[in-house]
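Understanding the architecture of this molecule
These are the residues of each chain, in order.
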Amino acid sequence: MKAVILAGGYGTRISEESDVKPKPMIDIGGKPILWHIMKIYAHHGVKDFVILLGYKGYVIKEYFANYFLHNSHVTIGTKNQKLQVHDNFSEDWNITLVETGLETMTGGRIKRAAEFIGNEPFYLTYGDGVANVDLHALAEYHKKNKRKVTLTAIQPDGRFGILDLAQDNSIHKFLEKPKTDWINGGFFVCDPSIMSYIDGDSCVFERSPLERLAQENQLIAYKHPGFWSCMDTLRDKNHLNELWAKKEAPWKVWK
């Protein structure tokens, strides 16, 4: 199965960094979060990627076009333009980078890449979220339930703890941050037939296509009780970097 990654948005809520690079290229532990996502998939045997580009897509192209330069020692002779690579290391990945338009919505991006995705079921995720989802189990769940789309549902922690108040407003105790309701955590498995639910560049995948699939009983949730986090804000980025620095990153399922 291929993994299709949405990597074309503006990332306006983390504009401190997305002004100069696309959100999926913001570093976590010295590597773009996009690299972390791809490592999760590669750990589960997925090495064929289709990355849907938009805003500052050339940055992603440059990174992978010169991947060995970003990950190896090099000696450069400026006079004769000679480049010597030492200890060349590169992932065993096949990456298709698809220009899907600057203003195209998520559904439109997927449909623009249909010829590269092919006619088999495929993984789909966002370029700003990491998790320790068991992708093998997710694919098996999708196959077993025979729906057109399987969505990974997660329960993130609430941002704030809550107070246990008495009638006179005395505080009995502080309570832990409660779990929220189940929400869309990305990490989809999709059948190629979903392309018929997408009607153009302005189509938001999470709206009309998923709503219609739900009405037709063709959308099912795979509940993931483990770790999940998006990188929506600078606060999120700092938290993920702290976990990585402490060697406590739950999404690091690879060796």
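Structure first, text after, so check above.
First, a word on what this report is: a plain description of the structure on this page. (Residues numbered from 1 in each chain as written. Predicted model: local features only at pLDDT ≥ 70, side-chain atom pairs only at ≥ 80, totals over all residues. Heavy atoms only, no water.)

**Looking at the pairing of strand 10 (residues 149-154)**
Taken across its six residues, strand 10 has six buried, putting it largely inside the fold. Every second residue of strand 10 is oriented toward a common face, with Val149, Leu151 and Ala153 on one face and Thr150, Thr152 and Ile154 on the other, all of them buried. In terms of strand pairing, strand 10 meets strand 14 (residues 188-190) through two bridges, oriented antiparallel. When the sheet's bridge partners are listed, Val149 is paired in strand 14 with Cys190. As paired strands, strand 10 and strand 15 (residues 219-223) are joined by five bridges and run parallel to one another. Following the sheet pairing, Leu151 is matched in strand 15 by Ala221. By the bridge criterion, two bridges tie strand 10 to strand 13 (residues 183-184) in an arrangement that is antiparallel. Bridging from a neighbouring strand, Ile154 pairs with Ile183 of strand 13. (Buried < 20%, exposed > 50% of the residue type's maximum accessible area, 1.4 Å probe, protein only. Helix = DSSP H or I, 4+ residues; strand = E, 2+ residues; numbered from the N terminus. Pairing = 2+ DSSP bridges.)

**A few points about the pattern of salt bridges**
Under the defined criterion, the tally for this structure stands at nine salt bridges. The residue Asp232 makes a salt bridge to Lys23 at a minimum N-O spacing of 3.2 Å. Residue Asp232 is found in the loop between strand 16 (228-230) and helix 9 (234-245), and its partner Lys23 is found in the loop between helix 1 (15-18) and strand 2 (27-28); the two are separated by 209 residues along the sequence. Judged by its relative accessible area of 9%, Lys23 falls in the buried class. In this structure, the salt-bridge partner of Lys61 is Glu99, at a minimum N-O distance of 3.1 Å. One end of the pair, Lys61, is in helix 3 (residues 57-65); the other, Glu99, is in strand 7 (residues 94-99), with 38 residues separating them in the sequence. (Salt bridge = Lys/Arg side-chain N within 4 Å of Asp/Glu carboxyl O.)

**Points about the packing of aromatic side chains**
One pass over the structure, following the stated rule, counts 15 aromatic pairs. Arranged with centres 6.1 Å apart and planes meeting at 10 degrees, the rings of Phe64 and Tyr67 form a pair that is stacked. We classify Tyr67 as buried; its relative accessible area is 6%. Note on Trp244 and Trp251: the rings are 6.0 Å apart at their centroids and 25 degrees apart in plane angle, and the pair reads as stacked. In this structure Trp251 comes out as buried when scored by relative accessible area, which is 0%. Among the aromatic residues, those joined into a ring-pair cluster are Trp35, Phe227, Trp244, Trp251 and Trp254. Lys31 extends its terminal NZ or CZ atom over the ring of Trp35, reaching a point 5.2 Å from the ring centre. (Phe/Tyr/Trp six-rings, centres within 6.5 Å; stacked < 30°, edge-to-face > 60°. Lys NZ or Arg CZ within 6 Å of the ring centre and 35° of its normal.)

**What about a nonpolar patch on the surface?**
On the surface, a cluster of nonpolar side chains totalling about 320 Å² of accessible area is made up of Leu69, Val74, Ile76 and Leu83. Turning to its location among the elements, Ile76 is positioned in strand 5 (residues 73-77). Judged by its relative accessible area of 58%, Ile76 is exposed. (Patch = residues over 30% accessible without salt bridge, like charges linked within 9 Å, V, L, I, M, F, W, Y side chains within 5 Å. Areas by Shrake-Rupley, 256 points an atom, 1.4 Å probe, with all protein chains shown as cover.)

**Some thoughts on the layout of surface pockets**
Considered as a void within the structure, the largest pocket measures approximately 1600 Å³ in volume. Looking at the largest pocket, it is lined by 50 residues, and the ones nearest its centre are Asp128, Trp228, Cys230, Asp232 and Asp236. Residue composition of the lining of the largest pocket, grouped by class: 17 nonpolar, 19 polar and 14 charged. (1 Å grid on protein atoms, 1.4 Å probe; cavity = no way out; pocket = protein on both sides within 12 Å on 5 of 7 lines; lining within 4 Å. Points joined across faces, edges and corners; volume = space filled by probe spheres on them. Nonpolar A, V, L, I, M, F, W, Y, C, P; charged D, E, K, R; others polar.)

**Quick word on unusual backbone geometry**
The phi torsion at Lys146 lies on the positive side, around 55 degrees, for a residue other than glycine. If you trace the backbone, Lys146 turns up in the loop between helix 7 (135-145) and strand 10. On the basis of relative accessibility, which here comes to 69%, the residue Lys146 falls in the exposed class. Phi angles above zero are rare outside glycine, and Phe187 is one such case at about 45 degrees. Note on placement: Phe187 falls in the loop between strand 13 and strand 14. Overall, the relative accessible area of 1% leaves Phe187 in the buried class.

**What to know about the nonpolar core**
In this structure, Tyr41, Phe64, Tyr123 and Trp251 are the most contacted members of the largest nonpolar core, which totals 42 residues. Of all the elements in the fold, those that place two or more residues in this core are strand 1 (3-7), helix 2 (33-43), strand 4 (48-53), helix 3, strand 9 (129-131), helix 7 and helix 9. Looking at which element gives the most residues to this core, the answer is helix 2, with eight residues. In contact with Trp251, not counting residues within four places along its chain, are Ile28, His36, Ile40, Val130, Ala131, Asn132, Phe227, Leu240, Leu243 and Trp244. Counting residues in each nonpolar core, the second largest holds 24 residues, with Leu6, Leu124, Val149 and Leu213 among its members. (Core = buried A, V, L, I, M, F, W, Y, C linked by side-chain atoms within 4.5 Å. Contact = heavy atoms within 4.5 Å.)

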